[in-house]
Amino acid sequence: MMYMVYWTMVEGERCTPHEKLFETTEMVAAMQYMETLRKRQREGEGVRFITMCSEHPDLVGHPGVDVTGPDYNWKKRRR
């Protein structure tokens, strides 16, 4: 899976998290699903914290800044 849509349903004092998976070829469908959730939110339903994350399935290594190693010498400004 490459895309995950997250949202929270707020009902009174209770908050329930939800998620829905989408395949790598379904970015448009994920965005349309988010818009459906936002429409429900605009209509007054307790849908909150709508967001989408992606993770590339062909990533060559683990994400994070600590994987650069001691020889990493990137500088923001070139001199």
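To be clear, the structure that these remarks concern was listed above.
Cut-offs applied
Residues numbered from 1 in each chain as written. Predicted model: local features only at pLDDT ≥ 70, side-chain atom pairs only at ≥ 80, totals over all residues. Heavy atoms only, no water. Core = buried A, V, L, I, M, F, W, Y, C linked by side-chain atoms within 4.5 Å. Buried < 20%, exposed > 50% of the residue type's maximum accessible area, 1.4 Å probe, protein only. Helix = DSSP H or I, 4+ residues; strand = E, 2+ residues; numbered from the N terminus. Contact = heavy atoms within 4.5 Å.

Peer 1: Please give an account of the nonpolar core that cites residues and values.
Peer 2: One finds Met 2, Tyr 3, Val 5, Trp 7, Met 9, Phe 22, Ala 30, Met 34, Leu 37, Val 47 and Ile 50 forming the largest nonpolar core, which totals 11 residues. Residue assignment for this core shows that the elements contributing at least two residues are β1 (3-11), α1 (27-42) and β3 (47-54). Sorting elements by how many residues they give to this core places β1 first, with 4 residues. Once you skip the residues sitting within four places of it in the chain, Met 9 turns out to touch Arg 14, Cys 15, Thr 16, His 18, Arg 40, Glu 45, Gly 46 and Val 47.

Peer 1: Describe in detail the side chain of Thr 8, supporting the description with residues and values.
Peer 2: Structurally, Thr 8 can be placed in strand β1. Thr 8 has contacts with Cys 15, Thr 16, Pro 17, Gly 46, Val 47, Arg 48 and Phe 49, leaving out every residue within four places of it along the chain.

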